[in-house]
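Okay, here's what each chain looks like letter by letter:
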Amino acid sequence: MNTATGLTGRVDTTVLEQKVKAMYRDVALDPHGEFHFEMGRALAERLGYAPADLDAIPSEAIDSFAGVGYYFDLAHLKPGETVVDLGSGSGTDSFIAAGKVGKTGTVIGVDMTDEQLAKAERLRAAAGFGNVTYRKGYIEATGLADASCDAVISNGVINLAPDKSKVFREAARLLKPGGRLALADIVTEMQLPEGITCDATLWAACIGGAMQVGDYTSVIEAVGLRVTQVRDNPQYQFISTNAQGASRKYGVKSVSLVATRN
Ligand SMILES: C[S@@+](CC[C@H](N)C(=O)[O-])C[C@H]1O[C@@H](n2cnc3c(N)ncnc32)[C@H](O)[C@@H]1O
């Protein structure tokens, strides 16, 4: 196992960033195009998002929703809290979080893809979500202050990061004592072979970067967070034949989890 990545093999991180940005530019601009993964409102409802919560946010954000699970029931967001959404995409989860923390709360979405940020910001301004801001940045180094938030949330993103321990260290740094990291992500039951983990295209499709679930939770605990709940999301299925094959062979799957900072 590669200790820096927690995965066997190494992906070219420059190529990976370009592929991830290209993939999620398309997700923002052409959500009805062809992807390995499902998107949109039917997916969100199947994963567990309440129709009333979805009705309260911009429908164009939901068109580009590329999350992999529901975790808000684990996050227990409260009015007045500050939330950081790592990999906020076109904004679905940050808008949902905004409804839960209310006008006295704050949500900060961080993403590296310009087209995702531009779409989320356009929708935010048009719908008047005054408690949400978006900033361009990396989930590994957000530039936000230490111990500045009550919850870090993320949906379908951290599997894309070449060094997951960096992301979890950043989440732990951002959280106040007692704060929660609540997320949904793609993991595997078995360690993926190098042929898959070195393939930037499979990585950008949310498969190549998936970490074995026990290793994933160990990395979270290694940065000082305590994982209190992990659950499978069998409602999430890949849609391309390739992705379904890898999913069957290696147990590539979606989980939701919550961890707390001591
Ligand atoms: C699968 S999409 C999920 C977006 C959103 N959470 C949702 O549920 O629709 C992944 C998002 O993470 C962003 N992303 C991936 N790696 C990133 C990184 N290292 N730093 C910042 N953003 C990243 C991509 O630009 C993309 O918008």
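It should be noted that the structure appears before, not after, this text.
Per chain, residues are indexed from 1 in the order of the written sequence. Thresholds applied to this predicted model are a pLDDT of at least 70 for local features of residues and 80 or more for the giving and counting of side-chain atom pairs; totals over whole chains, interfaces and linings are not thresholded and use all residues.

### What about the overall build of the protein chain?
Here comes step 1: Per the convention used, a helix needs a DSSP run of H or I reaching at least four residues, while a strand needs a run of E reaching at least two, with both numbered from the N terminus. On a plain count of helices and strands, the protein chain comes out with 12 helices and 8 strands.
Here comes step 2: Radius of gyration here uses only the C-alpha atoms, and the compact-globule reference equals 2.2 Å multiplied by the residue count raised to the power 0.38. The C-alpha atoms of the protein chain give 17 Å as radius of gyration, which agrees with the globular expectation for 262 residues (18 Å, within 12%).
Here comes step 3: Projected onto its principal axes, the C-alpha positions of the protein chain cover 45 × 40 × 30 Å.
Here comes step 4: Here the protein chain holds 262 residues, and 50% of them are scored as buried.
Here comes step 5: Any pair of residues counts as being in contact when their C-beta atoms, constructed from backbone geometry, are within 7 Å of one another. Restricting to contacts in the protein chain with at least 6 residues of sequence separation, those with at least 24 account for 77%. Three exposure classes are used. Buried residues have 20 or more other C-beta atoms within 10 Å of their own C-beta, exposed residues have 12 or fewer, and partly exposed residues fall in between, all C-beta atoms being placed from the backbone.

### A few points about the packing of helix H8 (residues 164–174) against helix H11 (residues 213–222)
Between two packed helices, both the angle of their axes relative to each other and the distance between the axes serve to describe the pair.
Here comes step 1: To obtain an axis, a line is fitted to C-alpha atoms, over the contacting stretch when the element is a helix, and the angle between two such axes runs from 0 to 180 degrees between their N-to-C directions. At a minimum axis separation of 9 Å, H8 and H11 run at an interaxial angle of 40°. The orientation of H8 with respect to H11, classified from their angle, is oblique. Here H8 and H11 pass one another in a crossing that is right-handed. Between H8 and H11, the residues in contact are Lys164, Ser165 and Phe168 and Val219, Ile220 and Ala222, respectively.
Here comes step 2: Taken together, the residues of the contact of H8 with H11 break down into 4 nonpolar, 1 polar and 1 charged. By definition in this entry, angles of less than 35 degrees are roughly parallel, angles greater than 145 are roughly antiparallel, angles of 65 to 115 are roughly perpendicular, and the rest are oblique. By convention the crossing between two helices is left-handed if the near helix lies anticlockwise of the far one by an angle smaller than a right angle, and right-handed if it lies clockwise. Residue type decides the class: Asp, Glu, Lys and Arg count as charged, Ala, Val, Leu, Ile, Met, Phe, Trp, Tyr, Cys and Pro as nonpolar, and the leftover types, Gly among them, as polar.

### Things to note about the environment of Ala210
Here comes step 1: By the element assignment, Ala210 lies in the loop between helix H10 (200–204) and strand S6 (211–212).
Here comes step 2: Considering only alpha carbons, one finds Ala210 and Ile196, 14 residues apart in sequence, at a separation of 9.8 Å.
Here comes step 3: Setting aside anything within four residues of it in sequence, one finds Ala210 in contact with Asn159, Ile186, Val187, Thr188, Leu192 and Val252.

### Quick look at the nonpolar core
Here comes step 1: Linking buried Ala, Val, Leu, Ile, Met, Phe, Trp, Tyr and Cys residues through C-beta atoms within 7 Å yields a set, and such a set is a nonpolar core. Membership of the largest hydrophobic core comes to 85 residues, with the highest contact counts inside it found for Tyr71, Ala75, Val83, Val152, Ala171, Leu181 and Ala182.
Here comes step 2: In terms of residue count, strand S5 (residues 175–188) provides more of this core than any other element does, 7 residues in total.
Here comes step 3: Those residues in contact with Tyr71, other than ones at most four positions away along the chain, are Ala182, Leu183, Ala184, Ser256 and Val258.

### A closer look at the site of the ligand
Here comes step 1: Every one of the 22 residues lining the ligand counts as a neighbour, but Gly67, Gly87, Gly89, Met112 and Thr113 are closest to it.
Here comes step 2: Secondary structure elements with two or more residues in the shell around the ligand: helix H1 (13–29) and helix H6 (92–101).
Here comes step 3: Classifying every residue of the shell around the ligand gives 10 nonpolar, 9 polar and 3 charged. Using a C-beta atom placed from the backbone, a residue is scored as near a molecule or strand whenever that atom is within 6 Å of it.

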